[in-house]
Amino acid sequence: MKITQATIYPLSIPLIEPIKMAREFVRDAKTVLLCLRDEEGRTGWGEASVAPLMTGETLDSLLGSVKYLVEGAKSCEWGDPQDFADNFSSILYGNASAKSCVEMALLDLFTKRASIPLWKYLRAENNLSHLADPKPIPLLRMLGGSPEKEVADAKEYRAQGFKHWKIKIGSLSLGEDLKRVAMLSDLLAGDVISVDANCALNLEDAIRFCESDEVSKLSFAEQLIPADLALEDFVLLKQKSRIPIGLDESIHGMSEIEEFIVAKAFDGASLKLIKTGGVLQGFEAAQVLSANNLKLNLACKIAETSLSGAATAAIGFALGEVPWGFSMSNQYLQFDICDQALKANRGHLDFAQLAGSGIGIAPNESRVKEALAKGYSLIQC
Ligand SMILES: [Mg+2]
């Protein structure tokens, strides 16, 4: 398979409402779309979002590395996807987000040519084809804003069928966050409720949080402390905590997963394609978590479109279960760039929402062009 043409789209899509996290206030999704065309005229699509505080990527840095990688990719012959990562590394060091963008587009092309859905390809490559058709993946809904808004949203989305929740913490005092958690835990009793501090707590507060009675109904607490703290701090937090500990910013791929498994420092992890370097390495990481009885949360950065949502979901459909839910972030966008945007159905995503081959969803090019970030143009290579 050869790449004959590539178009890179730097996008900015406003969120329905701004999302406040402990260290970030997100008003729009800054994301890069890539359309590759092969020698037979097929198109494959990829996406990666900026995440300055998670991957260090900005729109300009991501554009630069995607363009560099694509220019190198055009002179390659693309055969077995298992060789993609080595091919990328022969062109560019590091840069997991850019590699995940290009890998997604190549995998879309490859699985379209083979007339197989991406999730089924993952199963076939990992001797999992015997598994039954995947159950719908539970979607995780974020809660934040004023207490009144959190309660109203929780009631509204629970009535729609959502059963997985993430409460963003770390912007308020520890006492105020504990009160919110207790109140929402009572309201949503029986559901999978989590908190995410996005690294905002110090170790002492994180331990106080995890030892408190108010958190007893939480299913897990994600990334309470900064990723650059010592491994022993994570071990201590895990030992002291009465609830399972999830990690996100600390876990980029296999090397961290292996390190934290050996240290017994976590109970599960949040995987994003922009961290793992793509679907294939994300799937490998998810399998290792599962084999070690660790829980998985699949996630898109706030926010990515249906395209990245579908590619991320392929990991969940291939595995057959996502115990800590899937944070599909296109649900927070004012508009999507796909005609048939992925939507929650009773709080879940069903594989039947994806088309028969490839990633299963394709952007509408005119919608993509309308979403170009201000001051940027599409890039053709
Ligand atoms: Mg997180």
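A few points on the structure. These figures come from a predicted structure and were not determined experimentally. (Residues numbered from 1 in each chain as written. Predicted model: local features only at pLDDT ≥ 70, side-chain atom pairs only at ≥ 80, totals over all residues. Heavy atoms only, no water.)

So, on to helix H2 (residues 84-91). All of the buried residues in H2 are Phe84, Phe88 and Ile91. Buried positions in H2, seen along its axis, are confined to an arc of 60 degrees and lie on one side of it. Opposite the packed face of H2, turned more than 90 degrees from it, sit the exposed residues Asp86 and Ser90. Check the buried side of H2 and you find it contacts helix H1 (59-73) and helix H3 (96-113). (Buried < 20%, exposed > 50% of the residue type's maximum accessible area, 1.4 Å probe, protein only. Helix = DSSP H or I, 4+ residues; strand = E, 2+ residues; numbered from the N terminus. Arc of directions from axis to C-beta. Contact = heavy atoms within 4.5 Å.)

As a further point, take the coordination of the magnesium ion. Ideal donor angles around a metal are set by the shape: a four-donor tetrahedron calls for 109.5 degrees, a six-donor octahedron for 90 or 180 degrees. Of the protein atoms, only Asp196 (OD), Glu222 (OE) and Asp248 (OD) coordinate the magnesium ion, at distances of 2.0 to 2.3 Å. The sequence motif formed by the donor residues of the magnesium ion is D-x25-E-x25-D. Within this pair, whereas Asp196 is found in strand S7 (residues 192-196), its partner Asp248 is found in the loop between strand S9 (245-247) and helix H9 (254-263), the two being separated by 52 residues in sequence. Looking at Asp196, the relative accessible area reads 1%, which means it is buried. Judged by its relative accessible area of 2%, Asp248 falls in the buried class. (Donors = N, O, S within 2.8 Å, 3.2 Å for Na, K, Ca; no water.)

Attention now moves to the sheet that holds strand S2 (residues 24-38). Spatial strand order, S3-S2-S1-S14: 4 strands in an open sheet with antiparallel pairing. Only two strands of the sheet have a single neighbouring strand rather than two, namely strand S3 (43-49) and strand S14 (379-380). Here strand S1 (residues 3-21) runs beside S2; their pairing, made up of 14 bridges, is antiparallel. Bridged to Ile8 within S2 is Leu34. Lying on the sheet, H3 is in contact with S1, S2 and S3; it crosses S3 at an angle near 155 degrees. (Pairing = 2+ DSSP bridges. Axes fitted to C-alpha atoms, helices over the stretch in contact; angles between N-to-C directions.)

It is worth spelling out the pattern of salt bridges at this point. Counted under the stated rule, the structure contains 25 salt bridges. A salt bridge links Arg367 to Asp339; the nearest nitrogen and oxygen atoms lie 3.2 Å apart. In this pair, Arg367 is assigned in helix H13 (residues 365-370) and Asp339 in the loop between strand S12 (326-327) and strand S13 (348-349), connecting sequence segments 28 residues apart. Overall, the relative accessible area of 32% leaves Arg367 in the partly exposed class. Through salt bridges with shared partners, a single network forms among Asp38, Glu39, Glu40, Arg42 and Arg113. (Salt bridge = Lys/Arg side-chain N within 4 Å of Asp/Glu carboxyl O.)

Turning to the packing of aromatic side chains, a few remarks are in order. Counted by the stated rule, this structure contains 12 aromatic pairs. When the ring of Trp78 is compared with that of Phe88, the centres are 5.5 Å apart and the planes differ by 45 degrees; the resulting orientation is tilted. Here the residue Trp78 occupies a position in the loop between H1 and H2, and Phe88 occupies one in helix H2, the gap between them amounting to 10 residues. When its relative accessible area of 1% is taken as the criterion, Trp78 is described as buried. (Phe/Tyr/Trp six-rings, centres within 6.5 Å; stacked < 30°, edge-to-face > 60°.)

The subject of this paragraph is the packing of helix H4 (residues 118-125) against helix H11 (residues 279-291). Put simply, H4 and H11 touch, their axes get as near as 12 Å, and they point 55 degrees apart. Classed by the angle they form, the pair H4 and H11 counts as oblique. Seen from above, H4 lies across H11 with right-handed handedness. Contacts between H4 and H11 pair Leu118, Tyr121 and Leu122 from the former with Val279, Leu280 and Phe283 from the latter. Of the residues belonging to the contact of H4 with H11, the class tally is 6 nonpolar, no polar and no charged. (Parallel < 35°, antiparallel > 145°, perpendicular 65-115°, else oblique. Left-handed = near helix turned anticlockwise from the far one by under 90°. Nonpolar A, V, L, I, M, F, W, Y, C, P; charged D, E, K, R; others polar.)

A word on the sheet that holds S12. The 8 strands lie next to each other as S5-S6-S7-S8-S9-S10-S11-S12, forming an open sheet whose pairing is parallel. Each end of this open sheet is capped by a strand with a single partner; those strands are strand S5 (140-143) and S12. Here S7 pairs with strand S8 (residues 220-222) via 3 bridges, running parallel. Bridging from a neighbouring strand, Asp196 pairs with Glu222 of S8.

Moving on, we come to the environment of Phe266. With respect to the helices and strands, the residue Phe266 is situated in the loop between H9 and strand S10 (268-271). Residue classification places Phe266 among the buried residues on the basis of a relative accessible area of 4%. Sequence-distant contacts of Phe266, defined by excluding residues within four places in its chain, comprise Lys238, Ile245, Leu247, Ile251, Ile257, Phe260, Ile261, Leu289 and Leu294.

Right, let's talk about the pairing of S7 for a bit. Among the 5 residues of S7, 4 are classified as buried, and the element is accordingly described as predominantly covered. For the handedness criterion, the β-α-β arrangement of S7, helix H7 (residues 203-211) and S8 is classed as right-handed. (Right-handed = clockwise from strand over helix to strand, strands pointing away.)

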